[in-house]
Amino acid sequence: MGSFEGYIGVFDSGAGGISVLKALIDELPHERFVFFGDSRYTPYGDKPASWILDRCRHLTQWLLDEGCKAIVIACNTATSVAADTLRSEHPDVPIVGVEPALKPAALAPHHRHILVMATNATVHLDKFHKLAREYGSRSQITAIPCVGLADCIEKGDFEGPELHGLLERLVGEYRGAVDSVVLGCTHYPFVKRQIAEVLGDVPFYDGSAGTARQTRRLLEGGMLAPESQQGGVEFFSSNEGTRQIELYRWFLAQPI
Ligand code: DGL
């Protein structure tokens, strides 16, 4: 028996997944979560799919060995690469992923031009192309591989010139030219305000709330924690030392 029997295991390449964790805590306040940030290996988005898959298998196995009852892949990149494989390898375990929230953006009225910000891996993988084909007839979709952005956010410096300069270079040319923005990487919601400073006042969409609702749906029918249970979070990281865990707690306290 692992030490986290009955917990929900949540993982990401780093601190970004904490944006999903926040939504999970809001949706499921009585659940206990183990969050694993793979910060030592951030970013996933620039690595080969085979490497990402191996890493996701390893982290999923660790969380299951610790006793977790369900897994939330709090990373768009890892979901694109590994969700289907992990589900087929663990058919009895509820496994939830997160994907770019193109559907609500495309279904909203007057969203003719949608900008999708995501990692290099996410925008080049089949899963995203399929999604873009599904909703591309309703709106024009421009997908930007935001190389370097997750790295920059991972450091926790949201106000520095480095972040602002990078956002200008990545999306500055779309200022005033898009109707909405899909944040297709779980790191990005932490800097929504800074992105809006570059792009202007546009609606943002991300997959966190949908992922949290889907987690609830999969656990309904006997797997949800009792309402008498006090929820909580245990943090772990592939980066050793307490500073990384302190940084995760700081991320959890940030407004989104
Ligand atoms: N947070 C991750 C995502 O949602 C990936 C960031 C990275 O490691 O490249 O895609």
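Figured I'd write up the structure that's included with this text. Computed from a prediction, not measured in an experiment: that's the story for all the values here.

### Focus on the overall build of the protein
Counting its secondary structure elements, the protein contains 11 helices and nine strands. Here the protein has a C-alpha radius of gyration of 18 Å; the compact-globule value for 256 residues is 18 Å, and the two agree. Each principal axis of the C-alpha distribution contributes one length, and for the protein these read about 55 × 40 × 35 Å. The buried share of the protein, taken over its 256 residues, is 55%. A separation threshold of at least 6 residues defines the contact pool for the protein, and within that pool the share at least 24 residues apart is 78%. By element, 49% of the accessible surface of the protein is carried by carbon and sulfur atoms, the whole surface being about 11500 Å².

### Description of the pairing of strand β3 (residues 70-73)
Here β3 shows two buried faces, one formed by A70 and V72 and the other by I71 and I73. Pairing of strand β1 (residues 8-12) with β3 involves four bridges; the strand directions are parallel. Counted as the bridge partner of I8 is A70 from β3. Relative to strand β4 (residues 95-96), β3 runs parallel, the two sharing two bridges.

### What about the nonpolar core?
M117 and L149 are the most contacted members of the largest nonpolar core, which has 48 residues in total. Setting aside chain neighbours within four positions, we find M117 in contact with I144, C146, L149, L167, V171, V181, V182, L183, G184, C185, Y188 and I195. In terms of nonpolar packing, the next biggest core, distinct from the first, is built from 22 residues, L64, I71, I73 and A83 among them.

### Some remarks on the site of the ligand
In the vicinity of the ligand lie 13 residues, with S13, Y44, N76, T77 and T186 positioned nearest. The contact in question runs from an oxygen atom of the ligand to an N or O atom on the side chain of T77, over 2.6 Å. Burial of the ligand by the surrounding chains reaches 99%, relative to a free accessible area of 300 Å². When the residues that make up the shell around the ligand are grouped by side-chain class, the tally is five nonpolar, seven polar and one charged.

### As for the pairing of strand β5 (residues 113-118)
Extensive coverage of β5 is indicated by the burial of six of its six residues. Burial of the side chains of β5 extends over both faces: H113, L115 and M117 are buried on one face and I114, V116 and A118 on the other. Where β5 and strand β6 (residues 140-145) come together, six bridges link them in parallel fashion. Paired with I114 across the two strands is I141, which belongs to β6. Where β5 lies against strand β7 (residues 180-184), five bridges are found, and the strand directions are parallel. Bridged to M117 within β7 is L183.

### Considering the sheet that holds β7
Within the open sheet, the four strands sit side by side as β6-β5-β7-β8. Their pairing is parallel. Of all the strands in the sheet, just β6 and β8 (204-205) have a single pairing partner and so form its edges.

About the cut-offs
Here the residue numbers are simple positions, counted from 1 along each chain's written sequence. Reporting of local features is limited, given that this is a predicted model, to residues whose pLDDT is at least 70; pairs of side-chain atoms are given and counted only at 80 or more, and all residues count toward the totals for whole chains, interfaces and linings. Values reported for side chains reflect all heavy atoms of the structure, with hydrogen atoms and water molecules removed beforehand. Strands are runs of DSSP state E lasting at least 2 residues, helices are runs of H or I lasting at least 4, and numbering of each runs from the N terminus. As a reference, a globule follows 2.2 Å times the number of residues to the power 0.38, and the radius of gyration itself is taken over C-alpha atoms. We call a residue buried when its accessible area falls under 20% of the maximum for its residue type, exposed when it is over 50%, and partly exposed in between, using a 1.4 Å probe and counting protein chains only. Two residues form a contact once any of their heavy atoms are found within 4.5 Å. Reported accessibility uses the Shrake-Rupley method at a 1.4 Å probe radius. Residues are deemed covered only where the shown protein chains occlude them. The rule for pairing is simple: two strands pair if DSSP sees at least two bridges between them. We call a set of buried residues a nonpolar core when its members are Ala, Val, Leu, Ile, Met, Phe, Trp, Tyr or Cys and they connect through side-chain atoms within 4.5 Å of each other. When we say a residue is near a molecule or strand, we mean one of its heavy atoms is within 4 Å of it. Throughout this description, a polar contact denotes any pair of N or O atoms lying within 3.5 Å of each other; where both atoms belong to protein, one of them has to be capable of donating a hydrogen while the other can accept it, and for residues adjacent in sequence the pair is counted only when both atoms sit in side chains. When residues are sorted by character, Ala, Val, Leu, Ile, Met, Phe, Trp, Tyr, Cys and Pro go into the nonpolar class, Asp, Glu, Lys and Arg into the charged class, and all the rest, Gly among them, into the polar class.

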